[in-house]
Amino acid sequence: MDMTLSAPLRAVVDGQPAGRPFTHLDALEAEAIHILREVASECSNVALLFSGGKDSAVVLKLALKAFFPQRLPFTLLHVDTEHNYPEVIAFRDRVAQRHGLNLVVRSVGDSIRAGRVRLRRDDEPRNPHQSVTLLDAIAELKFDACIGGARRDEEKARAKERVFSFRDEFGQWDPKNQRPELWSLYNGRVNRGENIRVFPISNWTELDVWQYIRREAIELPEIYFAHRREIVRRDGALVPVTALTPARAGEPVETLSVRFRTVGDITCTAPVASDAATIDEIIAETEATRVSERGATRLDDQANEAAMELRKREGYF
């Protein structure tokens, strides 16, 4: 018997509109949706980390697709440094309200005020200290899995991650103590106090993310698009001039057309010079770049080559 499907029937089976070819984005989307459904089936209390950045916006879109028309079975969790760009926080709140999602915010500032985090100086980046707040939130809310938007192409330590990344009872990550994932089979079993970090877009690239944003018309904070901003040039990076990152004595302040490739703590997230004001222009720019977004814009990850891996071992996402 000939089991070959006709083009229209194959489209229905694959979930694609008839007449549209199956693309690499469809394959990535299908893999991510499979992973998200696996998390829901294997874990009982799941958090989806949502910062308002482009990767978490894509993961949220995938999760809404995965469980439509049902309500999203995950809690949105944001570990807020209190040093975020206001445009990103406004976007975070707007998206959560629009979809009627349960958004829980836990603050690094609260961890500092409670004495759980101690800063060496008031103006140091708070990103590395998110680990404490995240682990406290996991313990408080009893999450057995947390979903994030990390991708393997971002940074060397992230490239070592499995899709289901095991964390021990201390919240720590050991790259040598991870579970096999042959044939896309995932093991989400954990004992009390342990948890799984899940990365459904592990195999995506920055370019894939932007192409998917274009295809799905995903809204993003406006700082991802070219705009004019005051900056200073410092250690090879463009540092935005803000109340948290003022110009130092003798540094000339310039107004440039810039955009952000990634967003995070103001004190360690740098923009790049760009005139790309549309998604098509950003995609063209991304196709031409040879530096990852974290390598180009995350000042805290450039402290040393092992900075990210050390933070992950301490419980960072």
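Everything here concerns the structure above.
Residues numbered from 1 in each chain as written. Predicted model: local features only at pLDDT ≥ 70, side-chain atom pairs only at ≥ 80, totals over all residues. Heavy atoms only, no water.

The subject of this paragraph is the packing of helix α3 (residues 54-67) against helix α8 (residues 206-216). Between α3 and α8, the least distance of the axes is 10 Å, while the angle of their chain directions is 55°. The pairing of α3 with α8 is recorded here as oblique in orientation. Considering how the two elements wind past one another, α3 and α8 form a crossing that is left-handed. Taken together, the residues of α8 that come into contact with α3 (itself represented by Lys54, Asp55, Val58, Lys61, Leu62 and Lys65) are Glu206, Val209, Trp210, Tyr212, Ile213, Arg215 and Glu216. In the contact of α3 with α8, the residues fall into six nonpolar, no polar and seven charged. (Axes fitted to C-alpha atoms, helices over the stretch in contact; angles between N-to-C directions. Helix = DSSP H or I, 4+ residues; strand = E, 2+ residues; numbered from the N terminus. Parallel < 35°, antiparallel > 145°, perpendicular 65-115°, else oblique. Left-handed = near helix turned anticlockwise from the far one by under 90°. Contact = heavy atoms within 4.5 Å. Nonpolar A, V, L, I, M, F, W, Y, C, P; charged D, E, K, R; others polar.)

Paired through their backbone hydrogen bonds, the strands of a sheet run either parallel or antiparallel. The four strands are arranged β8-β7-β9-β10 in an open sheet whose pairing can be described as antiparallel. Every interior strand has two partners, whereas the edge strands, β8 (237-240) and β10 (272-273), have only one. (Pairing = 2+ DSSP bridges.)

Let's shift gears to the sheet that holds strand β3 (residues 103-107). Spatially, six strands are ordered β3-β2-β1-β4-β6-β5 in an open sheet, and the strand pairing comes out mixed. The strands lining the two open edges of the sheet, one partner per strand, are β3 and β5 (164-167). Pairwise comparison of adjacent strand axes, ignoring direction, gives a mean angle of 30° for this sheet. Judged from the five bridges that link them, strand β2 (residues 75-80) and β3 form a sheet pairing that is parallel. Directly across from Leu76, in β3, lies its bridge partner Leu103.

Time to look at the environment of Tyr224. With respect to the helices, strands and loops of the structure, Tyr224 is situated in the loop between α8 and β7 (227-234). Remark: the alpha-carbon pair of Tyr224 and Val88, spanning 136 residues in sequence, is separated by 9.8 Å.

The element β2 is extensively covered by neighbouring structure, given that six of its six residues are classed as buried. Covered by surrounding structure in β2 are Thr75, Leu77 and Val79 together with Leu76, His78 and Asp80, the residues of both alternating faces. Bridge count for strand β1 (residues 46-49) against β2 is three bridges, and the pairing is parallel. Paired with Ala47 across the strands is Thr75, a residue of β2. Note that the unit made of β1, α3 and β2 has a crossover that is right-handed. Remark: the β2/helix α4 (residues 86-98)/β3 crossover connection has right-handed handedness. (Buried < 20%, exposed > 50% of the residue type's maximum accessible area, 1.4 Å probe, protein only. Right-handed = clockwise from strand over helix to strand, strands pointing away.)

In this section: the pattern of salt bridges. If you walk through the whole model with that rule in mind, you get 22 salt bridges. Between Arg215 and Glu29 there is a salt bridge, and its shortest N-O distance comes to 3.4 Å. Taken together, the residues Arg215 in helix α8 and Glu29 in helix α2 (residues 24-42) connect sequence positions 186 residues apart. Classification of Arg215 as partly exposed rests on a relative accessible area of 27%. Asp280 is the partner of Arg214 in a salt bridge, and the nearest nitrogen-oxygen pair spans 2.8 Å. Remark: Asp280 occurs in helix α9 (residues 279-288) and Arg214 occurs in helix α8; sequence separation between them is 66 residues. Accessibility expressed as a relative area gives 42% for Arg214, which makes it partly exposed. Among the charged side chains, a salt-bridge network with shared partners connects Asp26, Glu29, Lys65, Arg215 and Glu216. (Salt bridge = Lys/Arg side-chain N within 4 Å of Asp/Glu carboxyl O.)

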